[in-house]
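In case you want the letters, here they are:
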2 protein chains.
Amino acid sequence: MKIILLSGGSGMRLWPLSNEARAKQFLRVLRNEISGELESMLERVYRQLLQVVNADDIIIVSNKIQVDMIHNQLGNVPIVVEPERRDTFPAIALATTYLYSELGIAEEEIVGVVSVDAFVDVVFYQKVKELEQLVQSTNAELGLIGVNPTYPSSKYGYLIPKVMHHYMEVGHFKEKPSEEEAEHLINNGAYWNSGVFSFRLQLILQKLKKLALPLSYNGLMEQFSKLSKNSFDYEVVEDLHAIVALTYDGYWKDLGTWNTLTEEMSQNVIGNGAVSEECENTHIVNELDLPVKVLGISNAVVAVSADGILVTDKPSSSRMKDMLHEGLFSRPMYVEHSWGSYRVLDFSNGKDGEVLTKRIHVKSGKNSGYHYHRLRSEVWTIISGKALFVQDDVVHKVLPGVVLQIPVGSKHCLYAEEDTELIEVQIGSLVADDDVVREIFDWNRIHLSNH
Amino acid sequence: MKIILLSGGSGMRLWPLSNEARAKQFLRVLRNEISGELESMLERVYRQLLQVVNADDIIIVSNKIQVDMIHNQLGNVPIVVEPERRDTFPAIALATTYLYSELGIAEEEIVGVVSVDAFVDVVFYQKVKELEQLVQSTNAELGLIGVNPTYPSSKYGYLIPKVMHHYMEVGHFKEKPSEEEAEHLINNGAYWNSGVFSFRLQLILQKLKKLALPLSYNGLMEQFSKLSKNSFDYEVVEDLHAIVALTYDGYWKDLGTWNTLTEEMSQNVIGNGAVSEECENTHIVNELDLPVKVLGISNAVVAVSADGILVTDKPSSSRMKDMLHEGLFSRPMYVEHSWGSYRVLDFSNGKDGEVLTKRIHVKSGKNSGYHYHRLRSEVWTIISGKALFVQDDVVHKVLPGVVLQIPVGSKHCLYAEEDTELIEVQIGSLVADDDVVREIFDWNRIHLSNH
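All values reported here derive from a predicted model rather than from experimental measurement.

Peer 1: How would you explain the overall build of chain A if you had to name every residue and give the values?
Peer 2: For chain A, the count of helices and strands is 10 helices and 29 strands. For 451 residues, the compact-globule estimate of 2.2 N^0.38 gives 22 Å, and chain A sits close to it at 25 Å. When the backbone C-alpha atoms are referred to their principal axes, chain A occupies close to 75 × 60 × 40 Å. Sequence separation of 24 or more characterises 66% of the internal contacts of chain A that already satisfy a separation of 6 or more. As displayed, chain A has an accessible area near 19000 Å², and 46% of this comes from carbon and sulfur atoms. Charge centroids of chain A, computed over 42 positive and 61 negative side chains, lie 3 Å from each other.

Peer 1: Explain the nonpolar core residue by residue, including any values.
Peer 2: Leu414 of chain A together with Leu414 of chain B are the most contacted members of the largest nonpolar core, which has 66 residues in total. Apart from the residues within four sequence positions on either side, Leu414 of chain A is in contact with Val362, Lys366, Asn367, Ser368, Trp380, Ile382, Ala387, Leu388, Phe389, Val398, Thr420 and Leu422 of chain A. Within the second largest apolar cluster, 47 residues are counted, among which are Val45, Ala140, Val196 and Leu246 of chain A.

Peer 1: Which residues make up the environment of Ala274 of chain B, and what are the values?
Peer 2: All names here are of chain B. Looking at the element boundaries, Ala274 is found in strand 16 (residues 273-275). We classify Ala274 as partly exposed; its relative accessible area is 23%. When the C-alpha atoms of Ala274 and Ser35 are compared, they prove to be 25 Å apart, with 239 residues separating the residues in sequence.

Peer 1: Got a sec to walk through the confidence of the model for chain A? Specific residues and values, please.
Peer 2: Residue and element names in this part refer to chain A. Overall, the prediction assigns chain A a mean pLDDT of 90, with 95% of residues at 70 or greater. The spread of mean pLDDT over the elements of chain A runs between helix 10 (residues 320-323), the lowest at 69, and strand 12 (residues 197-200), the highest at 98. Low pLDDT, under 50, characterises residues 447-451; the predicted model gives this stretch 12 contacts beyond four residues in sequence or across chains. Two numbers describe this predicted complex: its pTM, 0.75, and its ipTM, 0.74.

Peer 1: Just give me the short version of the relation of the copies chain A and chain B, but keep the residues and values in it.
Peer 2: Of the transformation placing chain A onto chain B, the axial shift is 0.1 Å and the rotation is 179°, giving an RMSD of 0.1 Å. The superposition operator between the copies reduces to a two-fold rotation axis. Of the C-alpha atoms belonging to chain A, the one lying closest to the rotation axis is found on Leu345 of chain A, 2.9 Å away. Taken as a fraction of all interface residues of chain A, those also at the interface in chain B reach 100%, which identifies the copy contact as same-surface.

Peer 1: Any chance you could break down the packing of helix 3 (residues 88-102) of chain A against helix 6 (residues 201-210) of chain A for me, citing the residues and the numbers?
Peer 2: All names here are of chain A. As a packed pair, helix 3 and helix 6 sit with axes 10 Å apart at the nearest point and diverge in direction by 110°. Between helix 3 and helix 6, the crossing angle belongs to the class labelled roughly perpendicular. Relative to helix 6, helix 3 is oriented so that their crossing is left-handed. Here Phe89, Ala93, Thr96, Thr97, Leu99 and Tyr100 of helix 3 come into contact with helix 6, specifically with Leu201, Ile204, Leu205, Lys207 and Leu208. Its residues assigned to classes, the contact of helix 3 with helix 6 shows 8 nonpolar, 2 polar and 1 charged.

Peer 1: Break down the sheet that holds strand 19 (residues 300-305) of chain B for me, with residues and values.
Peer 2: Here we have 6 strands laid out as an open sheet, ordered 16(A)-18(A)-20(B)-19(B)-17(B)-15(B), and mixed in their pairing. Strands at the two margins of the open sheet, each flanked by one partner only, are strand 16 (273-275) of chain A together with strand 15 (269-270) of chain B. Two elements, strand 18 (residues 292-295) of chain A and strand 20 (residues 308-313) of chain B, share 4 bridges in a ladder whose sense is parallel. By the bridge assignment for strand 20 of chain B, Val292 of chain A is matched with Ile309 of chain B.

Peer 1: Hey, could you go over the side chain of Thr282 of chain B for me, with residue numbers and the actual values?
Peer 2: Residue and element names in this part refer to chain B. Along the chain, Thr282 turns up in the loop between strand 16 and strand 17 (283-286). At 2.6 Å, the side chain of Thr282 and the backbone oxygen of Ile297 are in polar contact. Separated by 3.2 Å, the side chain of Thr282 and the backbone nitrogen of Asn299 make a polar contact.

Peer 1: Explain the interface of chain A and chain B to me, and be specific about the residues and the numbers.
Peer 2: When the parts come together, some accessible area is lost, and that loss is often what is quoted as the size of the interface. Each partner contributes to the interface: chain A provides 61 residues, whereas chain B provides 61 residues. For the pairing of chain A and chain B, the buried interface totals around 4600 Å² over both sides, and the portion due to carbon and sulfur atoms is 66%. Taken together, the links from chain A to chain B amount to 2 salt bridges. Between Asp346 of chain A and Arg359 of chain B there is a salt bridge, with the nearest N and O atoms lying 2.1 Å from each other. One can count 14 residue pairs in polar contact (both at pLDDT 80 or more) joining chain A with chain B. Here the residues of the side of chain A that touches chain B sort into 33 nonpolar, 16 polar and 12 charged.

Peer 1: Any details on helix 2 (residues 67-74) of chain B? Residues and values, ideally.
Peer 2: Residue and element names in this part refer to chain B. Taken together, the buried positions of helix 2 are Val67, Met69, Ile70, Gln73 and Leu74. Along the axis of helix 2, the buried positions cluster into a sector of 160°, meaning they face one direction only. Of the surrounding elements, those touching the buried residues of helix 2 are helix 1 (41-49), strand 4 (58-63), strand 5 (79-82) and strand 21 (334-337). Two residues or fewer past helix 2, Gly75 is found with a positive phi of approximately 85°.

Peer 1: Describe the pattern of salt bridges, listing the residues and the values that go with them.
Peer 2: One pass over the structure, following the stated rule, counts 32 salt bridges over all chains. Salt-bridge contacts for Lys207 of chain B lead to Glu235 of chain B; the nearest nitrogen and oxygen are separated by 3.9 Å. Remark: Glu235 of chain B occurs in helix 8 (residues 232-235) and Lys207 of chain B occurs in helix 6 (residues 201-210); sequence separation between them is 28 residues. In this pair, the class of Lys207 of chain B matches that of Glu235 of chain B, namely buried. Shared partners join several salt bridges into a network, and the residues in it are Glu33, Glu39, Arg44 and Arg47 of chain A.

Peer 1: Quick rundown of unusual backbone geometry? Include the residues and the values.
Peer 2: Of note, the bond from Trp15 of chain A into Pro16 of chain A is cis; its omega dihedral lies within 30 degrees of zero at 0°. Position of Pro16 of chain A relative to the elements: it lies in the loop between strand 1 (2-6) and strand 2 (30-31). Positioned with a positive phi, Ala212 of chain A is a non-glycine residue whose angle comes to about 55°. Phi is positive for Asn139 of chain B, close to 55°, though the residue is something other than glycine.

Peer 1: Lay out the side chain of Ser62 of chain B with the relevant residues and their values.
Peer 2: All names here are of chain B. Along the chain, Ser62 falls in strand 4. Among the residues examined, Ser62 registers a relative accessible area of 0% and is labelled buried. Reaching out from Ser62, the side chain makes a polar contact with the side chain of Gln66 at a distance of 3.2 Å. Excluding its chain neighbours within four sequence positions, the residues that come into contact with Ser62 are Ser7, Gly8, Ile70, Ile79, Val80, Val81 and Glu82.

Peer 1: Explain the pairing of strand 10 (residues 168-175) of chain B to me, using residue names and the numbers behind them.
Peer 2: Residue and element names in this part refer to chain B. As paired elements, strand 9 (residues 157-164) and strand 10 share 7 bridges and run antiparallel to each other. Note that in strand 10 the partner of Gly157 across the bridge is Glu175. The antiparallel pairing of strand 9 with strand 10 creates a hairpin that spans 3 residues between the two strands. Bridge count for strand 10 against strand 13 (residues 243-248) is 2 bridges, and the pairing is antiparallel. The partner of Met168 across the bridge, within strand 13, is Ala245.

Peer 1: So what's going on with the pairing of strand 18 (residues 292-295) of chain B? Which residues, and what values?
Peer 2: Residue and element names in this part refer to chain B. Judged by which residues are buried, strand 18 turns out to be covered on both faces: Val292 and Val294 on one side and Lys293 and Leu295 on the other are all buried. Here strand 16 runs beside strand 18; their pairing, made up of 3 bridges, is parallel. Opposite Val275, over in strand 18, you have Val294 as the bridge partner.

Peer 1: Provide a residue-level description of the packing of aromatic side chains, including the pertinent values.
Peer 2: Aromatic ring pairs are reported here in terms of the distance separating the ring centres and the angle at which the planes meet. In the structure shown here, the tally under the stated rule is 22 aromatic pairs over all chains. When the ring of Phe197 of chain A is compared with that of Phe232 of chain A, the centres are 4.4 Å apart and the planes differ by 45°; the resulting orientation is tilted. Highlighted residues: Phe197 of chain A in strand 12 and Phe232 of chain A in helix 8 (residues 232-235), separated in sequence by 35 residues. Each member of the pair, Phe197 of chain A as well as Phe232 of chain A, carries the same accessibility label: buried. Ring centres of Phe119 of chain B and Tyr251 of chain B lie 6.0 Å apart, and the angle between their planes is 80°; this geometry places the pair in the edge-to-face category. Placement of the pair is Phe119 of chain B in strand 7 (residues 118-120) and Tyr251 of chain B in the loop between strand 13 and strand 14 (252-254), with a sequence separation of 132 residues. Residue Phe119 of chain B is classed as buried on the basis of its relative accessible area of 10%. On the basis of relative accessibility, which here comes to 36%, the residue Tyr251 of chain B falls in the partly exposed class. We note Lys358 of chain A situated over the ring of Tyr342 of chain A; from NZ or CZ to the ring centre the distance is 3.6 Å.

Definitions and cut-offs
- Residues numbered from 1 in each chain as written.
- Chains lettered and ligands numbered in written order.
- Predicted model: local features only at pLDDT ≥ 70, side-chain atom pairs only at ≥ 80, totals over all residues.
- Heavy atoms only, no water.
- Helix = DSSP H or I, 4+ residues; strand = E, 2+ residues; numbered from the N terminus.
- Rg over C-alpha atoms; globule rule 2.2 N^0.38 Å.
- Contact = heavy atoms within 4.5 Å.
- Areas by Shrake-Rupley, 256 points an atom, 1.4 Å probe, with all protein chains shown as cover.
- Lys, Arg positive; Asp, Glu negative; His and termini not counted.
- Charge placed at Lys NZ, Arg CZ, Asp CG, Glu CD.
- Core = buried A, V, L, I, M, F, W, Y, C linked by side-chain atoms within 4.5 Å.
- Buried < 20%, exposed > 50% of the residue type's maximum accessible area, 1.4 Å probe, protein only.
- pLDDT = per-residue confidence, 0-100.
- Least-squares fit on C-alpha atoms with pLDDT ≥ 70 in both.
- Axes fitted to C-alpha atoms, helices over the stretch in contact; angles between N-to-C directions.
- Parallel < 35°, antiparallel > 145°, perpendicular 65-115°, else oblique.
- Left-handed = near helix turned anticlockwise from the far one by under 90°.
- Nonpolar A, V, L, I, M, F, W, Y, C, P; charged D, E, K, R; others polar.
- Pairing = 2+ DSSP bridges.
- Polar contact = N/O pair within 3.5 Å; in protein donor to acceptor, adjacent residues only side chain to side chain.
- Buried area = accessible area lost by both parts, 1.4 Å probe.
- Salt bridge = Lys/Arg side-chain N within 4 Å of Asp/Glu carboxyl O.
- Arc of directions from axis to C-beta.
- Phe/Tyr/Trp six-rings, centres within 6.5 Å; stacked < 30°, edge-to-face > 60°.
- Lys NZ or Arg CZ within 6 Å of the ring centre and 35° of its normal.

What follows is the structure in C-alpha cells.
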C-alpha cells in the first residue's frame, strides 16, 4: 500500500517559529521516545510510517519552498512538488497521477493519505494500513479512521455511524458542532474524523476525467492551476455514499496551535531560557542566543525566533492569526537550504539604500549556485572553515579573516571544503532574495589561482 | 543652595533594559508633560531641579561607565566621578569635598542630596530647597523630607515624629516594618522617608577628619577605597540627634521595578509591539526591531533589548534579581558613547577564534579615538554617511560600500563628516572592549591621501 503524506502546510499559527519556508512540521520540539533526541512532527510521522510500510511506499507532497527542509530532515526522499499552494484536493490529485503515470500503480490499487499534523501512536498508522483490506472487502469508495473522542470538542469533525460492525459504516458527517451537539453525538456513538483517507486510485482518476484534466503527472502539473482550491472533503467526500471507517482508541492530537504543540514538547524550555519556580505549565522555545527570563506567569508560551517574539497564554494561542497583521518582517529572518542556512542579523533602509547583514553557514561539501546580482553589492568576511570561492570564473582558496568584495554584476559562488561561516553585508537599491541571476560553473574545470 | 544628585545606580532590577553601562535612570520611557516627548528619569529629575535651582548649583555624582550617557542626555554638566562603586556615603562624601575644595563652598553652607530614583511633582524639590532655611533656623544637624503615606507599605522606611510643628522634629526611624506595624505607625503620624538629605558641609568634613581622610577632592579621590561601603543612613544618620523634616503631600514613587516604572510609562507599547485587546495593564518596551506580540496576558511586562527578553507579571518583577544569574550575556549588547553607539549583532566562539559582529553609529562631527588592537583584526563595511578614516597615519575619505581592513596592530580611527554607520566584523583570539591601545593623532595635520 502506498501512503501519500501531505506536508505542505505553512501558515502563521505557530509564528514566529513557522514562516513561509519553515512550517510547523519542521520544528524540532518533540522527543523521540526511542533515541531521546528532539525531533520534528515530520520526522516523527515519517519514522512511525516506516514501522508500517517501506520507504519506497511513502510519497510526500509539498511545495517548492519546503523541499530543502524536507531533504534536510529525511534525506533524499521522493517528493511531489506542487507548482503552487492550492488545497488538499489538488495536492492529493497530483500525487495520485504521480503514482499512476510515473510509478505505474494500477487504478484499482488502494492508497492511504495521511497528514503531518497529527500526533499519534504508531498503532494509528497500522490502522491506516488495515484500511486497504477493509476498503477491499467492503467494496467501499472511501475508508477513514475515526478517533474515539475524549471530550465533546467543538473544533473537530465527527463521523456518525449508520451501522457498527468491527468497523463503522459511516452514515453522515458533522463539522464543528457546538459542545452540546458534540456531547449528544458522542452519546450516540460518533467518532472524531482524523482526516485520513483511503481509496482506489480510480476514484481520483475518474474525477479528473470528469473535469477534463490529464491523468498523467506531467500533464496535470502543467494544468495544476485549473484544479479549484478545494479541500478533498468538499471536492470528493461529499459525493460519496459507501464510506467505511476503522476506529482508533489511542492518543490523537492535532498539533496546530502552541497550546496543543507544547503539551507534547519534550521539555519546558528549549533554547536559552529560564522560568521562575512558581510558573506552572509555561513553555519557552527560543531559537536566538538572547536569554529569555519568565517570572511569575503560568500557562503561557514564549516563542522567540529571528522573525519575532510571541508571548501568549495557551488558550489564546488559537486566536493568533488575528494579531499578526502589523509590524511583522516582510522577509524570512532564518532560512534553511540544502547547502546550509542563513540568519538575518540586521536590516535597514536608509537614504543610502538598503543594507542587509546575514550570518551564512555553508555545509561541508556543499556550494551555493553560481550567480550574480543586478541591484546589490556584497562584502563577505569569512569567519570560520575553509572554502573555494569562485569569482568571475577565477577560483580562490579562502580561510577565516579573508574579505571578499562582490560588486554588482560579478559572478560568484562558494564551495565549502569544510563547514564554512561568513558574515555577509549586502548594500543596494534593493536587497531581495530574488535578485539572483543564475550562471553555470563547471566545477570540473577548476584551476586554483591562489594555490 | 547646592544640590548633589546621586545618579550612579545600576543593577539588574530593570533588566534587560538596564545593564552596567545603561542604568534605569537613562531609559526614555516617561512622558514629559510639557513637551509630550519621551524622557528618562535622569532627564525628568534634572528638568524639575532646574525649576528650583540654577544649573551651576547641581552636582551629579556617578561612575565612569555612565559619564557618556549623562552627557548625551543632559549636555556638558559637571559630574563627580567615583573611582569605583561603593555606596551612598562614599559618593556623598566625595561630592562634599568637591564642593568644599574645588568650588570653595564654606563649611557652614547647607547642601541638599537627592537621588534620581524618585518620581515626584516639582513641589517636592521646592521642599528640598526649603530645607536649607529650616536646618538653618532650627540649628538641626540634618533635614529630611517625609512623604505623607498613602498605604501601609512594608517596603519603605518611616520617620516617626517627636514633635510636630509646621515641620517635624524626628524622634526615630523604622526601616521596612510589617504592614501591621506600618498601619500603627501611620496612625501615630509617621511619614515615609523619601531619602533626601540636607546638611552643612561640616557634618561630612568632621566625619572625614575622624576617619583621618583628606578633606580635599583630589586627596579623597585617591583614598576613595578607604571609605567603607556603607550607606549614608548607616554611616552618618544613625549618630545624629537633631533631625528635622519637612512633609510632602504630593505624588511620590520609587521607580525601582518594572511594576512601578510601567505605571508611569507614557504609553503601553514602546517600540515594535502589539498587545491583544483583552490584555489589561500589560506593557511592552522593545528596543529591537524584532516584532513582539502579546496575546491574552494581563498585568505583565515584556521588556526586550539586545541583552535579552524578560516576561514578568508585575508583582513578580521585584523578585527579578533571583532569576538573573544564569544564561545572561557577559558583554553589554548595546552601548552608547559620546561619539555614538553600537549594537552587537552576533557573537560566536569557535575553533577559529571569537567573532563579534556589530552595527556602529558615529555621530556627525565625532570621532572614535585613535587606537589599535593586539588580539583581533577588524573588517568595516561602511553602510551610510560620509567619513574620514585614518589608518597608520594616512587619511582616506570613505563612503557607503567602502570596505576597510584593519589587521592586528594597525592604528585607526574614524571621523564622521556626516552621521556614519558601519558593520564591523571582529575576528581574533579574544574580542573584548578592553583590547584597545590608545594612540595620538593630530587632527590638525590631516592630509587626504584619497582626495
